[in-house]
Amino acid sequence: MKAWLGFVILVLTSLPLSAAELKSLPMQPAPALALPTLDQKRIDLKQLRGQVVLVNFWAVWCPPCRKEMPSMNRLMAKMAGKPFNILGVNEGESPDEIHAFLKQVPVNFPILLDAEGAYLKSWKVFAFPTSYVVDKQGRLRLGLFGSIEWDSPEAVAQLEKLLAEAE
């Protein structure tokens, strides 16, 4: 399975990706998502209603995932004080593997542990990274298969537009 996913990631990384690739989705409720974090807390997406939430499915072994993490950190800093959050959902790796990666690339947002890949099907994740943006009402609004610079002006503008919407 990892070999197949690796091939898909290789294909995706060979394509030029930009914030223009962040696509609008038909509005529908976001699938459930409730998982433990690396620091043993539990986060339920329902608890984040009223915020715009970037949900990013990733893995340590995925080069595009590793590449986009710093831009997600910069985005989180840029959005400080706004009703915005990022959830990094790690798929199938041990806390030790994740901690080793985070020593190289620290993050300022929660990392959730989906050790068994329980949410891949309901979130329609077929390759890493896959990202979705959930609006303040808990609806899927934007999606992306592949990586981008999350703090690019184009991506920030799309997120700001969702932040400006009334609850």
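Residues numbered from 1 in each chain as written. Predicted model: local features only at pLDDT ≥ 70, side-chain atom pairs only at ≥ 80, totals over all residues. Heavy atoms only, no water.

Enquirer: I'm lost on the confidence of the model for the chain in this one. Help?
Expert: If pLDDT is low for a region, its predicted coordinates should not be looked at in detail. Here the chain shows a mean pLDDT of 89. Residues at 70 or above account for 88%. Model confidence for the chain, summarised as mean pLDDT per element, is weakest for helix α1 (residues 2-14) at 40 and strongest for strand β4 (residues 52-58) at 98. Here residues 1-20 scores under 50 on pLDDT; set against residues more than four positions off or in separate chains, the count is 27 contacts. (pLDDT = per-residue confidence, 0-100. Helix = DSSP H or I, 4+ residues; strand = E, 2+ residues; numbered from the N terminus. Contact = heavy atoms within 4.5 Å.)

Enquirer: Would you explain the sheet that holds strand β6 (residues 111-114) in this entry?
Expert: In a beta sheet, neighbouring strands pair by backbone hydrogen bonds and run either parallel or antiparallel. One open sheet holds the six strands; their spatial order is β1-β8-β7-β4-β5-β6, and the pairing between them is mixed. For this open sheet the edge positions go to β1 (23-29) and β6, each flanked by a neighbour on one side alone. Neighbour to neighbour, the strand axes of the sheet diverge by 25° on average, direction disregarded. Pairing analysis gives five bridges linking strand β7 (residues 130-134) to strand β8 (residues 139-145), with the strands arranged antiparallel. Bridge pairing links Y132 to G143 in β8. Taken strand by strand, helix α2 (residues 63-78) contacts β4, β5 (84-91) and β7, and its axis lies near 160° from that of β4. Helix α3 (residues 95-104) contacts β4, β5 and β6 of the sheet and is inclined by roughly 150° relative to β6. (Pairing = 2+ DSSP bridges. Axes fitted to C-alpha atoms, helices over the stretch in contact; angles between N-to-C directions.)

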